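# A closer look at the structure
The primary structure of each chain is shown beneath.
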Amino acid sequence: MAGSGSGDLIKPALAMVSFQIVFAGLNIFYKLAVSDGMDLRVLVAYRYLFASAFLAPLAYFVERRSRTKLTWRVLGLSFVCGLTGGSVAQNLYIAGMKLTTATFATATTNLLPAVTFLLALAFRYEKLAIRTSSGQAKVAGTFLGIGGAMLLTFYKGVDVTPWHSHINLIAANNGGGSHSHPSTNYAMGSLLCIISCFFYALWIIIQAKLSVKYPFHYSSTALMCVMTTLQSSAFALCFDRDAAQWRLRFDIRLLAVVYAGVMASGVMLVVMSWCVKKRGPLFVSVFNPLMLLVVAVLGSLLLGEKLHLGTALGAVLIVAGLYTVLWGKGREAGATAEAPRVSELPTTVHDGDKRVDGVAAPAPPRLLAANSI
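Described in the following lines is the structure provided in the data block. Treat the numbers as computed from the prediction; the structure is a model and nothing was measured. (Residues numbered from 1 in each chain as written. Predicted model: local features only at pLDDT ≥ 70, side-chain atom pairs only at ≥ 80, totals over all residues. Heavy atoms only, no water.)

## Details of the overall build of the chain
Rules: Only DSSP runs of H or I reaching four residues or more are called helices, and only runs of E reaching two or more are called strands; each is numbered from the N terminus. Exposure classes here rest on a 1.4 Å probe applied to the protein chains alone. A residue is buried below 20% of its type maximum, exposed above 50%, and partly exposed in between. The contact definition used throughout considers only heavy atoms, calling two residues in contact when any of these lie within 4.5 Å. The accessible surface values rely on the Shrake-Rupley method and a 1.4 Å probe; as for residues, cover is taken only from the protein chains in view.
Summing up its helical and strand segments, the chain has 15 helices and two strands in all. Looking at the 373 residues of the chain, the share that counts as buried comes to 50%. Long-range contacts, defined here as pairs at least 24 residues apart, represent 89% of the contacts in the chain between residues at least 6 apart. Split by element, the accessible area of the chain, about 17,600 Å² in all, is 68% carbon and sulfur.

## Remarks on the pattern of salt bridges
For side chains bearing opposite charge, pairing can occur when the charged atoms are close. We count it as follows: A pair is scored as a salt bridge if a Lys or Arg side-chain nitrogen falls within 4 Å of a carboxyl oxygen belonging to Asp or Glu.
For the coordinates displayed, the defined rule picks out two salt bridges. The closest approach of N and O atoms between Arg 253 and Asp 36, which form a salt bridge, is 2.8 Å. Here Asp 36 lies in the loop between helix H1 (2-35) and helix H2 (40-63) and Arg 253 lies in helix H11 (residues 252-279), a separation of 217 residues in the sequence. Grouping residues by exposure puts Arg 253 and Asp 36 together as buried. Residue Arg 41 is joined to Asp 39 by a salt bridge in which the shortest nitrogen-to-oxygen separation is 3.1 Å.

## Structural notes on the packing of aromatic side chains
Put simply, the test is: Aromatic pairs are defined between Phe, Tyr and Trp rings, using the six-membered ring for Trp, whenever the two ring centres lie within 6.5 Å; interplanar angles under 30 degrees are classed as stacked, those over 60 as edge-to-face, and all others as tilted. For a lysine, the NZ atom is tested; for an arginine, the CZ atom; a charge sits over a ring if that atom is within 6 Å of the ring centre and within 35 degrees of the ring normal.
Applying the stated rule across the entire model yields nine aromatic pairs. Ring centres 5.0 Å apart and planes at 80° place the aromatic pair Phe 104 and Tyr 186 in the edge-to-face group. Taken together, the positions of Phe 104 in helix H4 (residues 102-108) and Tyr 186 in helix H8 (residues 186-213) put the pair 82 residues apart, joining distant regions of the chain. Looking at Tyr 186, the relative accessible area reads 22%, which means it is partly exposed. Across the ring face of Tyr 48, the terminal group of Arg 47 is positioned such that the distance to the ring centre comes to 5.5 Å.

## Quick word on the nonpolar core
Just so we agree on the cut-off: What is meant by a nonpolar core is a set of buried Ala, Val, Leu, Ile, Met, Phe, Trp, Tyr and Cys residues, joined one to another through side-chain atoms within 4.5 Å.
Judged by nonpolar contacts, the single largest core of 59 residues is most densely connected at Met 16, Phe 23, Leu 26, Tyr 30, Met 38, Leu 43 and Ile 94. Apart from the residues lying within four places of it in its own chain, the contact partners of Leu 26 are Arg 47, Tyr 259, Ala 260 and Ala 264. Formed by 32 residues, the second largest nonpolar core is a distinct cluster that contains Leu 152, Cys 197, Met 224 and Val 319.

## As for the packing of helix H9 (residues 217-239) against H11
Selection rule: Lines are fitted to the C-alpha atoms to define the axes, a helix being fitted only along its stretch in contact, and any angle between axes, read from their N-to-C directions, falls within 0 to 180 degrees. Whether a crossing is left-handed or right-handed is set by the direction in which the near helix is turned from the far one by less than a right angle, anticlockwise for left-handed and clockwise for right-handed. Residues were grouped as follows: Ala, Val, Leu, Ile, Met, Phe, Trp, Tyr, Cys and Pro as nonpolar; Asp, Glu, Lys and Arg as charged; and all remaining residues, including Gly, as polar.
Between H9 and H11, whose axes approach to 12 Å, the crossing angle comes to 145°. Crossing hand, H9 versus H11: right-handed. Between H9, through His 217, Tyr 218 and Thr 221, and H11, the contact on the second element is made entirely by Leu 269, Val 270 and Ser 273. A breakdown of the residues in the contact of H9 with H11 according to their chemical character gives three nonpolar, three polar and no charged.

Below is the structure:
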């Protein structure tokens, strides 16, 4: 029995480590493609095109017998989810990364639980419960995350990179100056990344309704990717109709969009779904800061990025805020489970869905995979 329990823990842990490594690689590919001169709007459009091509057949074969008929409401919610969590959020995030570094942009993504908590309060999906330890932890974690984001934005500090690599794939990929090195603007870049987190959080709130109305994980994700493809393609064509920007050759641009669409939005989405099913959403969440560490290492080794004191301290505060919010959520969930049942019967939801404060929330993979689609 002990061996079986150990295996039940090791396999999901290894799967989540691989998930974070793949997404760390995604940030490196993003930075390389944008530094190569690829229009970030075209990059987003191609990412979701490849994601749709991968997920649509998967959704068809996996859920073809259980899937119900599409309604206009489901299509409308899918469109809004694609707009907030896909088109807008991704364009803002890559724009922020272009003005900063891959490590800096990745650090800001750990703000997502705090921002989601604030929006959930506004939409009454969460209760503040400030007199309880769980409520105090969520508020404290939110303020820690905001403080870390401000430190990232306004304080750079000295170079604290533990090693200095002579490898710089951005310079090598530029072919000796065929593309100018991207300018940096940490204030604007951090603002774009934080706004991106806001739209991701808004997407989580909206897709809560979608998962209740259409509780078919693969189909709804594929539908959202299709919507995002149409939106981001139209958006990119409005600003850049240069055929050269849309032409893919066997270079870093093609590698980046295939990796982003198939590996990040396709394969790893299935991996995360399996992990949540095996170990639950809290287990998946605690691995999130690992991506920041991997990106920091890869960025300094491969992209010539320097780690500054402000980035390191801000990242520590953001991660501390993340775990404080998660601790509060875990304690709240435990208290809810131990509470005696009231006379009012709970609403029936799809297998695998959770209930939070009397509101049917979507299956955990959709809630936690903000960067995965």
